[in-house]
Amino acid sequence: LPLSNKRFRMTMLVDASYNFVANFSASVSQAWLLQEVNTGYLYLNAVGFTYGLFILLTSSFWSRVLRKKGTFWSFAIACFVMMPSYIAFAFVNHSNYLWLLTAVRVVQYGVSMLLTFSINNMLYISLPKADQTNYTSCYTFSGYIAVFLGMSTGTAVVAAMGERRLELAYHSISSPAVVILVQGILMGLLGLFVLLIRKQVEPEAKRI
C-alpha cells in the first residue's frame with residue numbers, strides 16, 4: 001500500500017501541504033486586487049504576461065541548481081524566498097501597488113521555476129519501482145484534495161472575518177490580505193519542515 005512506504009508517505013505530505021498553502025489565497029487574491037487595491041486589468045495582465053519570460057530566463061539556471069543541491073533543499077530555499085514576498089504582498093494598497101506588487105511578482109516569478117521543478121521532482125524520488133500506477137494515483141488524488149481544502153479554507157477565513165480588518169504595523173489590512181499574510185507564514189513553516197525531514201526522504205546522493 002502507498003501509505004505503508006515511509007519515504008512516499010512523507011513526500012506525499014510535503015506535496016499536499018504545498019498544494020494547500022499555494023492555493024490558500026487563490027480564490028480571493030484576484031478579486032481583492034481588482035476591487036480593493038484597484039490595480040486594474042491592464043496592470044494585472046501586463047504583469048502576468050511577464051511570467052512566461054521569467055520561465056524562459058530562469059528555467060535553465062534553476063534546473064542546474066536543483067541537480068546540484070537536491071530536490072528538498074531547493075524546495076525549502078524557494079519557500080523561504082516566497083515567504084517574505086507573500087508577507088509584503090499583504091501590505092499592497094492602491095498607493096504602493098505599482099512598485100510593491102511589481103517587486104513581489106518579480107521575486108515570485110523569479111523563483112517560481114525552482115519551486116515548480118523541486119515539487120514536481122519529489123514524486124519521482126519517492127516512487128518505488130513496483131505498483132507505480134497505484135502510488136501515482138494516490139499522490140495525485142491527495143494533491144487535488146489539498147488544492148480544494150486550501151482554497152476552501154482561505155475563502156472561509158474571508159467569510160468569517162467579513163468587513164473586520166487587522167491592525168498590524170501601522171497598517172489596516174482586510175480579510176483577503178490577512179489570508180495572504182497567513183499564506184506567507186505557512187510557506188516559511190513548510191520550508192522549515194522540509195529541511196527537518198530532508199534526511200529521511202531524500203537519497204543521500206542528492207543531499208548537500
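Residues numbered from 1 in each chain as written. Predicted model: local features only at pLDDT ≥ 70, side-chain atom pairs only at ≥ 80, totals over all residues. Heavy atoms only, no water.

Positionally, serine 126 belongs in helix α5 (residues 97-126). Apart from the residues within four sequence positions on either side, serine 126 is in contact with Arg7, Phe8 and Thr11. (Helix = DSSP H or I, 4+ residues; strand = E, 2+ residues; numbered from the N terminus. Contact = heavy atoms within 4.5 Å.)

Here helix α7 (residues 175-201) contains 27 residues, and its C-alpha end-to-end distance of 37 Å stays within 8% of the 39 Å for a straight helix at 1.5 Å per residue. The sharpest bend along α7 measures roughly 35 degrees and falls at leucine 195. (Expected span 1.5 Å × (residues − 1). Bend = angle between axes of the 7 residues up to and from the residue.)

What follows is about the packing of helix α3 (residues 41-69) against α5. Relative to each other, α3 and α5 sit at 40 degrees, their axes nearing to 8 Å. Here α5 runs oblique to α3, going by the angle between their axes. The hand of the α3/α5 crossing is right-handed. Its residues assigned to classes, the contact of α3 with α5 comprises 18 nonpolar, ten polar and one charged. (Axes fitted to C-alpha atoms, helices over the stretch in contact; angles between N-to-C directions. Parallel < 35°, antiparallel > 145°, perpendicular 65-115°, else oblique. Left-handed = near helix turned anticlockwise from the far one by under 90°. Nonpolar A, V, L, I, M, F, W, Y, C, P; charged D, E, K, R; others polar.)

Another point: the packing of aromatic side chains. Under the definition given, this model contains nine aromatic pairs. With centroids separated by 4.8 Å and ring planes inclined at 90 degrees, the aromatic side chains of phenylalanine 8 and tyrosine 135 adopt a geometry described as edge-to-face. A residue pair is termed long-range when its members are at least 10 positions apart, and phenylalanine 8 in helix α1 (residues 6-22) and tyrosine 135 in helix α6 (residues 132-161) qualify at 127 residues. According to the relative accessible area criterion, phenylalanine 8 is buried, its value standing at 0%. Taking relative accessible area as the criterion, tyrosine 135 reaches 9% and is therefore assigned buried. A ring pair is formed by tyrosine 51 and tyrosine 109, whose centres lie 4.9 Å apart and whose planes are at 50 degrees; its orientation type is tilted. (Phe/Tyr/Trp six-rings, centres within 6.5 Å; stacked < 30°, edge-to-face > 60°. Buried < 20%, exposed > 50% of the residue type's maximum accessible area, 1.4 Å probe, protein only.)

Now for the packing of α3 against helix α4 (residues 71-89). Here α3 crosses α4 at 125 degrees, and the two axes come no closer than 7 Å. For the element pair α3 / α4, the angle class is oblique. Judged by residue contacts, Val65, Leu66 and Lys69 of α3 engage Thr71, Trp73 and Ser74 from α4. Considered class by class, the residues forming the contact of α3 with α4 number three nonpolar, two polar and one charged.

On to unusual backbone geometry, then. Of note in this structure, asparagine 38 is not a glycine but carries a positive phi near 60 degrees. The topology assignment puts asparagine 38 in the loop between α2 (29-35) and α3.

Bringing the environment of histidine 94 into the picture now. Here histidine 94 lies in the loop between α4 and α5. On a C-alpha basis, the gap between histidine 94 and lysine 6 in space is 48 Å, while along the polypeptide they are 88 residues apart. Those residues in contact with histidine 94 that sit more than four places away from it in its chain are Val37 and Asn38. Within the structure, the side chain of histidine 94 is placed 2.9 Å from the backbone oxygen of valine 37, a separation counted as a polar contact. A distance of 3.4 Å separates a polar atom in the side chain of histidine 94 from the backbone oxygen of asparagine 38. (Polar contact = N/O pair within 3.5 Å; in protein donor to acceptor, adjacent residues only side chain to side chain.)

Before going further, it helps to examine the confidence of the model for the protein. Confidence in the prediction of the protein, expressed as mean pLDDT, is 92, and 96% of residues score 70 or more. The element-level mean pLDDT for the protein is lowest in strand β1 (residues 166-168), coming to 89, with α4 highest at 96. (pLDDT = per-residue confidence, 0-100.)

Looking now at the side chain of threonine 71. Along the chain, threonine 71 turns up in helix α4. Of the residues examined, threonine 71 reaches a relative accessible area of 3% and is grouped as buried. A polar atom in the side chain of threonine 71 sits 2.6 Å from the side chain of asparagine 121. Leaving out residues up to four positions away in the same chain, threonine 71 has contacts with Leu66, Ser118, Asn121, Met122, Ile125 and Glu202.

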